[in-house]
Amino acid sequence: MHPSAKGRKYLLAFALSAAIFGTIIYASNYFESQRMAELRAIEDQISIDTLSLDTQFSLLEHAPCEDTVQGTELSHELNDLGSRLSYTESRLGSTDPEVVRLKQQYTLLEIRDYLITKQLAAACGAKPVTVLYFYSNSGDCADCDKAGYALSYLHDNYPGLKVYSFDYHLAIGALTTLITLDKVKDDLPAFIIDGAPHYGFTSLADLEAAFPKGTLSALATSTATATTNTKK
Amino acid sequence: MQADWFMYPLLFLSLYFEVFVLLSFLEGWRAPKASHTQDALPSVTVFVPCYNEEHTVARTIDSLLALDYPKELLAVFAINDGSTDGTAAVLARYAGHPQVTVFEKENGGKHTALNLGLAHATTEIVGCLDADSFVAPDALREMARCFADPTVMSATPAIKVHEPKGVVARVQHAEYAMSAFVRRTFAWLEALFITPGPFSLFRREVFLKLGPYRSAYNTEDMEVALRMQREGMRIENVPTAHVFTTAPSTYASLYRQRVRWTYGFLKNARDYRDMFLNPRYGTLGMFILPLGLFTVFPSIFLMAFSVADAAGNAVDAARRISVVGFSAPHFSLDWFYLDTRAIVFLMLAIIVLATVTIAIGRKLMGERHALHPNVVLYLLLYGFMAPFWLARASYNVIASRERTWSSEIDARRKRD
């Protein structure tokens, strides 16, 4: 074969490989952007729903007890968003700017949902069992993954349990205020179970024992209500 | 993520290699073929070097005697390289056969057995058939045809795995189909650098000009091909000539065989380093040899990353089980949770291209179906099998540890 023809073949092979490579990179980035867009759309929808429920409070000047179902659906959506965000964080890393921004928004929505849950409970006589779970991805919490597995397990087995997961080090004012108000120390993992603080994780049995007596067994038979996702 | 970015250049090189070989195949396929008139069939001597092959050598010799080829033009030299089993007794059965000459010698390695055959051969064509292989009846006629072209100095066949049983042999069954594609394409590129033990044929003048076989780290079939390429001697491939070989049936025996092959390649690469990136040797020097050498290391790295990834997942799973006990993992069909990383698509692209090359290889070898379930086994397992022998061979090169042909056969006999 003539040397120039050989050279052309090397170049053609390179061009084809580069085209395949470029298409793959483009496709991967496209799917990633679609994934982010979906996360943002879910957050926007939850934001609207939260605001709607909040506004109903204000209009009626009391909790819209007939709309507790709506609150349940909100938690459902928040749970789904938490799963997706957790997956995205595992893919892109906890320091990715877009992940951090989405986590901040998600945290605000969690706090809002937590407050609404408390308001609905107070006004409508419900007795939700809530866990505020504080974790860290900064390498200062060796047992956070175990705590996450345990809370996921409890969430799956006690449908009425509401778990709100917070990245302790996430820089957002509302979370800092929540940490201050509940006096949560940086001894992670930390749990606020029905208002009482607990620190560290030893075993699933010990975590279950931290719940007020009888509450978990009652939740096991209660109507399913969604909880937020438990992440490390 | 960092590991991903490290692997991108390696995967791009793999992709480039596959695209280049496929393009070269298409080019060779479409190119007009020169036709040469064959006045008469050449005379041929086939050497059968044996070391402890009492169970297979009779079939090897019988297949040669059953070749559709004029008997007066075909001689078989069965060379017993100091076997310690019943090989000598099996060979004794052929004493007095007009086509078979039996040689007995002290154990000295395969190359010494072949050189003994070369010293006694007088035919125009000589060749080797390993004593664990046998030929299809029309194989010699198919290969003799290409020697009508006076520029062809050697011809290699398509090697098939005989009755693959077990996972390891089935993986090789698919691998050999890919090899058939690669050999055909490399021959068009004038870049074949191995003349395999199972039935590669040579004009005898090759050895008269280049000298006898060398030990060459127990890969004399690679060394002689590199020596021929260095002298500009053309090596052809005949995918319609079928040779069947008994593939290692256990991972341990396959591992030993491949450590020897890879070790030989690395050591020969050092000896023939002047051919690397040397435009005088065309595609072989500029592309095939450098990439062949380079791809030893990405395979090890890719495997290391995969193992590290799998180990990380296993540790996570173990920690989860230690907390909540065993539970079936959750699977979601939501597209959101699909792994759409570029590295996954790249691997898929490489797998698709590899499947295409195997399919072409199977059709070249005359298989009825382009695909076979063994291809799936190959795609699933080979990537995890190869890095171990690549790593071991690399270590042996550094530590200068060499495994002999006969020690490998001894070990295989003990295990199989």
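Keep in mind that what you see is a predicted model, and the values were worked out from it rather than measured.

> Where do I start with the overall build of chain B in this structure?
Of the regular secondary structure elements, chain B holds 14 helices and eight strands. For chain B, whose C-alpha radius of gyration is 23 Å, the value lies close to the compact-globule estimate of 22 Å for 416 residues. Taken along its principal axes, the extent of the C-alpha atoms in chain B is 75 × 50 × 45 Å. Going through the 416 residues of chain B one by one, you find that 55% of them count as buried.

> Teacher, can you tell me more about the sheet that holds strand S4 (residues 196-199) of chain A here?
Strands pair in a sheet through their backbones, by hydrogen bonds, and they do so in one of two ways: parallel or antiparallel. Residue and element names in this part refer to chain A. Taken in spatial order, the four strands of this open sheet run S2-S1-S3-S4, and their pairing is mixed. Edge positions in the sheet fall to strand S2 (161-167) and S4, since each of these pairs with one other strand and no more. Put simply, the sheet's adjacent strands are angled 20° from each other on average, direction ignored. Where strand S1 (residues 129-135) meets S2, seven bridges bridge the pair, whose relative direction is parallel. When the bridges of S2 are listed, Val 131 appears paired with Val 163. On the sheet, helix H3 (residues 97-124) packs against S1 and S2 and is oriented at approximately 145° with respect to S2. Contacting S1, S2 and strand S3 (190-193), helix H4 (residues 144-157) runs over the sheet at an angle of about 160° to S1.

> Got a minute to help me understand empty space enclosed by the protein in this structure?
Regions of empty space are outlined by a rolling probe, equal in size to a water molecule, passed over the atoms. Residue and element names in this part refer to chain B. One pass over the structure, following the stated rule, counts two cavities of 30 Å³ or more. Approximately 50 Å³ is the volume attributed to the largest cavity. Elements with a minimum of two residues in the lining of the largest cavity: helix H4 (110-120), strand S7 (200-203) and helix H8 (220-230). For the lining of the largest cavity, the class distribution of residues is five nonpolar, three polar and three charged.

> What exactly am I supposed to notice about the state of the cysteines here?
Each disulfide consists of a covalent bond between the sulfur atoms of two cysteine residues. Residue and element names in this part refer to chain B. A complete count under the given rule lists one disulfide over all chains for this structure. Take Cys 128: it sits in no disulfide, and the sulfur closest to it among the cysteines is that of Cys 50, at 10.0 Å. With no disulfide partner, Cys 146 has as its closest neighbouring cysteine sulfur the one in Cys 128, 17 Å distant. For Cys 146, a relative accessible area of 15% corresponds to the buried category.

> Would you explain the confidence of the model for chain B in this entry?
Low-pLDDT portions of the prediction should not be read for the details of their coordinates. All names here are of chain B. Within chain B, residue pLDDT values average 90, and 94% of them lie at 70 or more. Taken element by element, the predicted model of chain B shows its lowest mean pLDDT in helix H14 (residues 405-415) (61) and its highest in S7 (98). Both scores are available for the predicted complex, with the pTM at 0.80 and the ipTM at 0.81.

> Teacher, can you tell me more about unusual backbone geometry here?
Leaving glycine out, the prevailing phi sign among residues is negative, and the prevailing peptide bond configuration is trans. Going from Leu188(A) to Pro189(A), the amide bond is cis rather than trans, its omega being 0°. Positionally, Pro189(A) belongs in the loop between helix H5 (173-181) and S3. Phi at Lys183(A) is positive, roughly 55°, even though this residue is not glycine. The residue Lys183(A) is located in the loop between H5 and S3 in this model. With a phi close to 50°, Asn52(B) is a non-glycine residue in the positive phi region. Mapped onto the fold, Asn52(B) is located in the loop between strand S1 (44-50) and helix H2 (57-65).

> Can you walk me through the packing of aromatic side chains in this structure?
Geometry of an aromatic ring pair is reported as the spacing of the ring centres plus the angle between the planes. Enumeration according to the criterion identifies 39 aromatic pairs over all chains in this entry. Considering the side-chain rings of Phe14(A) and Tyr16(B), the 5.8 Å spacing of their centres and the 80° angle between planes classify their relative orientation as edge-to-face. Taken together, the residues span two chains, with Phe14(A) in helix H1 (residues 3-60) and Tyr16(B) in helix H1 (residues 2-30). Here Phe14(A) falls in the partly exposed class, since its relative accessible area comes to 42%. These aromatic residues form a ring-pair network of at least three members: Tyr10(A), Phe14(A), Phe21(A), Tyr8(B), Phe12(B), Tyr16(B), Phe17(B), Phe20(B) and Phe287(B). Positioned above the aromatic ring of Phe336(B), the side-chain terminus of Arg35(A) is 5.5 Å from the ring centre.

> Explanation requested: the interface of chain A and chain B in the structure shown.
It is common to give the size of an interface as the accessible area that goes away when the parts come together. Contacts between the two partners involve 37 residues from chain A, matched on the other side by 34 residues from chain B. It is Lys9(A), Tyr10(A) and Tyr149(A) that lose the most area in chain A upon contact with chain B, and together they represent 21% of the buried surface on that side. At the junction of chain A and chain B, the tally comes to three salt bridges. Between Glu27(B) and Lys9(A) there is a salt bridge, with the nearest N and O atoms lying 2.8 Å from each other. Taken together, the connections running from chain A to chain B amount to 16 residue pairs in polar contact (both at pLDDT 80 or more). Only H1, helix H2 (68-92) and H4 of chain A provide two or more residues apiece to the side of chain A that touches chain B. With 20 residues, H1(A) is the single largest residue contributor to the side of chain A that touches chain B. A breakdown of the residues in the side of chain A that touches chain B according to their chemical character gives 20 nonpolar, five polar and 12 charged.

> What should I look at first to understand the environment of Leu204(A) in this one?
Along the chain, Leu204(A) turns up in helix H6 (residues 204-209). Here Leu204(A) falls in the buried class, since its relative accessible area comes to 12%. As a C-alpha pair, Leu204(A) and Tyr153(A) span 51 residues in sequence and 8.9 Å in three-dimensional space. Not counting chain neighbours up to four residues away, the residues in contact with Leu204(A) comprise Ala150(A), Tyr153(A), Leu154(A), Val323(B) and Val324(B).

> It is not clear to me how a nonpolar patch on the surface should be interpreted in this structure. Could you clarify?
Residues and elements named next belong to chain B. On the surface, Phe 6, Phe 297 and Phe 301 cluster together to form a nonpolar patch covering roughly 280 Å² of accessible area. Looking at the secondary structure, you find Phe 301 in helix H11 (residues 296-324). Taking relative accessible area as the criterion, Phe 301 reaches 40% and is therefore assigned partly exposed.

> Is there a simple way to explain the packing of helix H6 (residues 166-188) of chain B against helix H12 (residues 342-364) of chain B in this structure?
The packing of two helices is summarised by the inter-axis angle and the distance between the axes. All names here are of chain B. Closest axis-to-axis distance for the H6/H12 pair is 7 Å, and the angle between their directions is 80°. On the basis of the axis angle, H6 is roughly perpendicular to H12. Seen from H6, the contacting residues are His 173, Ala 174, Ala 177, Met 178, Ala 180, Phe 181 and Arg 184; seen from H12, they are Ala 354, Thr 357, Ile 358, Ile 360, Gly 361, Arg 362 and Leu 364.

> Sorry if this is basic, but what is going on with the environment of Pro290(B) here?
Among the secondary structure elements, Pro290(B) is positioned in helix H10 (residues 282-294). With residues up to four places along the chain from it excluded, the contact list for Pro290(B) reads Phe276(B), Leu277(B), Leu284(B) and Gly285(B).

Cut-offs applied
- Residues numbered from 1 in each chain as written.
- Chains lettered and ligands numbered in written order.
- Predicted model: local features only at pLDDT ≥ 70, side-chain atom pairs only at ≥ 80, totals over all residues.
- Heavy atoms only, no water.
- Helix = DSSP H or I, 4+ residues; strand = E, 2+ residues; numbered from the N terminus.
- Rg over C-alpha atoms; globule rule 2.2 N^0.38 Å.
- Buried < 20%, exposed > 50% of the residue type's maximum accessible area, 1.4 Å probe, protein only.
- Pairing = 2+ DSSP bridges.
- Axes fitted to C-alpha atoms, helices over the stretch in contact; angles between N-to-C directions.
- Contact = heavy atoms within 4.5 Å.
- 1 Å grid on protein atoms, 1.4 Å probe; cavity = no way out; pocket = protein on both sides within 12 Å on 5 of 7 lines; lining within 4 Å.
- Points joined across faces, edges and corners; volume = space filled by probe spheres on them.
- Nonpolar A, V, L, I, M, F, W, Y, C, P; charged D, E, K, R; others polar.
- Disulfide = S-S within 2.5 Å.
- pLDDT = per-residue confidence, 0-100.
- Phe/Tyr/Trp six-rings, centres within 6.5 Å; stacked < 30°, edge-to-face > 60°.
- Lys NZ or Arg CZ within 6 Å of the ring centre and 35° of its normal.
- Buried area = accessible area lost by both parts, 1.4 Å probe.
- Salt bridge = Lys/Arg side-chain N within 4 Å of Asp/Glu carboxyl O.
- Polar contact = N/O pair within 3.5 Å; in protein donor to acceptor, adjacent residues only side chain to side chain.
- Patch = residues over 30% accessible without salt bridge, like charges linked within 9 Å, V, L, I, M, F, W, Y side chains within 5 Å.
- Areas by Shrake-Rupley, 256 points an atom, 1.4 Å probe, with all protein chains shown as cover.
- Parallel < 35°, antiparallel > 145°, perpendicular 65-115°, else oblique.

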